[in-house]
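Structural features, examined
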Amino acid sequence: HKINKNKMASLKMLAVLISSLVVCHGAQQLMIKLNNGVMMPQMALGTWQYDNDTAGDAIALGYMAGFRHIDTANDYGNQVGVGKALNKLLASGVARSEIFVTTKTPPCQALNPEACYNQTMNDVMSDMEQLNLDYVDLILLHGASHRGPGKCDAMTCAKDQQQWNVYEEIYKKGLAKAIGVSNYCQSCFECLLSKSTVVPVLNQIQFHVGMGDDPNKLVSYTESKNILVQAYSPLGDGHLVSDAGLAAIGKPHNKSAAQVALKWLVDKGVGVVTKADSAQYLQEDIDMYSWNLTASETAKLSANTEYPSQPSWACSE
């Protein structure tokens, strides 16, 4: 399958080189080249708010639908179930290289920045043990060590740098093929990048239709640093699923409001973490590459500010 070159040229993404479409169980999937050369499926199956059993079931259904990227986290409390589902796939003959696994470690809770190193290393080892994998494809700092509006201050900066030191170590050891962050704002990035030797490949933030085209200018800032934006809560915590305006846009394409919301993000070239636990919705969610929005539809979605949200729960600037 060939990608329309004119369409690709219009994507507002400096962070990555989009490579090619692959076909998984009949579903097309776009692969994105991260800034360290690792190839990542654009569409990820999220597991937030799922228990071990529900996460495992969703992964089994998601794999059959064509999902090859699984997103979990230490704080989700479901990594044992995720690991069992992944290892069941591997035992059935699926190659480890066919599955892209993302996990996360929590922000530092310690008062002393020096203690953040040990906490983060312990969290990484806990992730690996729960998932029962030799390596993960991507691991993210789940958020800056700051919570709420405002900037990352000097103390937060010191804590985050200790955490990133751990990530650089495990990256060099091969325990993670790529390392990144989540819920990072400009001030947190300025701190992290000032002393890092490895640039994060990705920043996972809340991003969906209704937040505008570049909320808090964080999307453009992240991409200017050659870092991919990945969107969580792409359906606006479910609000977009029943949005009449999105449903009207989807009608001539025979697509749902949810598919329209996801397609807008896909066309922007960002990574997308979506979730569903039914085969039908999973198949709809990954059906992003067989149809196109018109330029006027895209412009209308980009201008939508009906569902304002903060891109990060950790900071705001």
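Position numbers for residues count from 1 along each chain, tracking the sequence in the order it is written. With the structure being a predicted model, the display of local features is reserved for residues of pLDDT at least 70 and the display and counting of side-chain atom pairs for 80 or more, all residues being used for whole-chain, interface and lining totals. Only hydrogens and water are set aside; all other atoms, that is, all heavy atoms of the structure, feed into the side-chain values.

**A look at the overall build of the protein chain**
Condition: What counts as a helix is a DSSP run of H or I of at least four residues, what counts as a strand is a run of E of at least two, and both are numbered from the N terminus. We take the radius of gyration over the C-alpha atoms and set the globule estimate at 2.2 Å times the residue count to the 0.38 power. Type-normalised accessible area, obtained with a 1.4 Å probe on protein chains alone, sets the label of each residue: buried when under 20%, exposed when over 50%, and partly exposed for intermediate values. The contact criterion used throughout is that any non-hydrogen atoms of two residues lie within 4.5 Å. Charge convention: Lys and Arg are scored as positive, Asp and Glu as negative, and His as well as the terminal groups of each chain are ignored. Lysine's charge is taken at NZ, arginine's at CZ, aspartate's at CG and glutamate's at CD.
The helix and strand inventory of the protein chain stands at 11 helices and 11 strands. Relative to a compact globule of 317 residues, whose C-alpha radius of gyration would be 20 Å, the protein chain shows 19 Å and is just as compact. Dimensions of the protein chain along its principal axes, counting C-alpha atoms only, are 55 × 45 × 35 Å. Burial status across the protein chain gives 58% buried among its 317 residues. Once local pairs closer than 6 in sequence are excluded, the contacts in the protein chain between residues at least 24 apart make up 74%. Each charge class in the protein chain was averaged separately, 25 positive and 30 negative side chains, and the resulting centres sit 7 Å apart.

**Description of the sheet that holds strand 6 (residues 100–105)**
Just so we agree on the cut-off: Two strands qualify as a pair provided DSSP detects at least 2 bridges between them. Only the contacting stretch of a helix is used when fitting its axis, a line to C-alpha atoms as for every element, and angles between N-to-C directions run 0 to 180 degrees.
On the basis of which strands lie adjacent, the closed barrel formed by eight strands has the order 4-5-6-7-8-9-10-11 and parallel pairing. Averaged over all pairs of adjacent strands, the angle between strand axes in this sheet comes to 25°, irrespective of strand direction.

**Overview of the environment of Gln186**
This is how the line gets drawn: Here a polar contact means two N or O atoms within 3.5 Å. Within protein one must be a hydrogen donor candidate and the other an acceptor candidate, and residues neighboring in sequence count only if both atoms are side-chain atoms.
The topology assignment puts Gln186 in helix 6 (residues 186–195). With relative accessibility at 18%, the residue Gln186 sits in the buried group. Residues in contact with Gln186, not counting those within four places in the same chain, are Asn216, Lys217, Leu218, Tyr221 and Glu317. At 3.0 Å, the side chain of Gln186 and the backbone oxygen of Asn216 are in polar contact.

**Digging into the packing of aromatic side chains**
Rules: Side-chain rings of Phe, Tyr and Trp, where Trp is taken by its six-membered ring, are said to pair if the distance between their centres is within 6.5 Å; with planes under 30 degrees apart they count as stacked, over 60 as edge-to-face, and otherwise as tilted. A positively charged side chain is recorded as over a ring if its NZ (Lys) or CZ (Arg) lies within 6 Å of the ring centre. The angle to the ring normal must also be within 35 degrees.
Using the criterion set out here, one finds four aromatic pairs in the structure. Members of the aromatic cluster, joined through ring pairs, are Tyr184, Phe189 and Tyr221. One cation-aromatic arrangement involves Arg96 over Tyr135; the distance from NZ or CZ to the ring centre is 4.1 Å. One Lys or Arg, Arg147, reaches over the ring of Trp313 and ends 4.4 Å from the middle of that ring.

**Comments concerning helix 2 (residues 52–65)**
Put simply, the rule reads: The span expected for a helix works out to 1.5 Å for each residue beyond the first.
Taking 1.5 Å of rise per residue, the 14 residues of helix 2 would be expected to cover 20 Å, and the 20 Å separating its terminal C-alpha atoms lies within 8% of that figure. Among all positions in helix 2, only Ala55, Gly56, Ala58, Ile59, Gly62, Tyr63 and Ala65 are buried. A side-chain oxygen of the first residue of helix 2 lies 3.3 Å from the backbone nitrogen of Asp53; this N-cap is Asp51.

**Comments concerning the pairing of strand 8 (residues 179–182)**
As a reminder of what qualifies: Look down the strands so they point away from you; if the path from the first strand over the helix to the second goes clockwise, the crossover is right-handed.
In strand 8, alternate side chains face the same way, and those of Ile179 and Val181 on one face and Gly180 and Ser182 on the other are all buried. Bridge count for strand 7 (residues 138–141) against strand 8 is three bridges, and the pairing is parallel. When the bridges of strand 8 are listed, Leu141 appears paired with Val181. Since strand 7 and strand 8 lie parallel, the crossover through helix 5 (residues 154–173) that links them has a hand, and here it is right-handed.

**Regarding the confidence of the model for the protein chain**
Put simply, the test is: For every residue, the predictor reports its confidence as pLDDT, a number between 0 and 100.
In the predicted model, the protein chain carries a mean pLDDT of 92, and the fraction of residues at 70 or more is 92%. Low pLDDT (under 50) marks residues 1–18, which in the prediction has 43 contacts with non-local residues, meaning those over four places away or in another chain.

**A short note on the pairing of strand 11 (residues 271–274)**
A regular strand places its side chains so that they alternate between the two faces of the sheet. Residues Gly271 and Val273 point to one face of strand 11 and Val272 and Thr274 to the other, with burial holding for every one of them. With two bridges joining them, strand 10 (residues 228–232) and strand 11 adopt parallel strand pairing. Residue pairing in the sheet places Ala231 in a bridge with Val272 of strand 11.

**Looking at the state of the cysteines**
The bond known as a disulfide is covalent and runs between the sulfur atoms of two cysteines. Filter applied, for reference: A pair of sulfur atoms, both from cysteines and within 2.5 Å, is called a disulfide here.
Tallied over the full model, the rule gives four disulfides. In this model, Cys152 is linked to Cys188 through a disulfide, with the two sulfur atoms separated by 1.9 Å. Here Cys152 and Cys188 share a disulfide; its torsion about the S-S bond, 65°, makes the bridge right-handed. Here Cys152 is found in the loop between strand 7 and helix 5, whereas its partner Cys188 is found in helix 6, with 36 residues between them in sequence. Each member of the pair Cys152 and Cys188 is classed as buried. What pairs with Cys157 in a disulfide is Cys191, and their sulfur atoms sit 1.9 Å apart.

**As for unusual backbone geometry**
As a rule of thumb, non-glycine residues mostly have phi less than zero, and peptide bonds are mostly trans rather than cis. Positive phi values are uncommon outside glycine, yet Gln49 reaches one of about 70°. Of note, Gln49 is situated in the loop between strand 4 (43–46) and helix 2. Residue Asn183 is not a glycine yet carries a positive backbone phi of 60°. Here Asn183 is to be found in the loop between strand 8 and helix 6. In this structure Asn183 comes out as buried when scored by relative accessible area, which is 1%.

**A closer look at the layout of surface pockets**
Formally: In the cavity and pocket records, a cavity denotes points on a 1 Å grid over the protein atoms alone where a 1.4 Å probe fits but cannot get out, a pocket denotes an open set with protein on both sides within 12 Å along at least 5 of 7 lines, and lining residues are residues with an atom within 4 Å of a point. Grid points are joined across faces, edges and corners, and a volume is the space filled by probe spheres set on the points.
Taken as a whole, the largest pocket encloses approximately 780 Å³ of empty space. Lining the largest pocket are 32 residues; nearest its centre among them are Trp48, Ser233, Pro234, Asp237 and Lys275. If you list the elements that add at least two residues to the lining of the largest pocket, you get strand 9 (202–206), strand 11 and helix 10 (279–286). In terms of residues, the lining of the largest pocket owes the most to one element, helix 10, which gives three residues.

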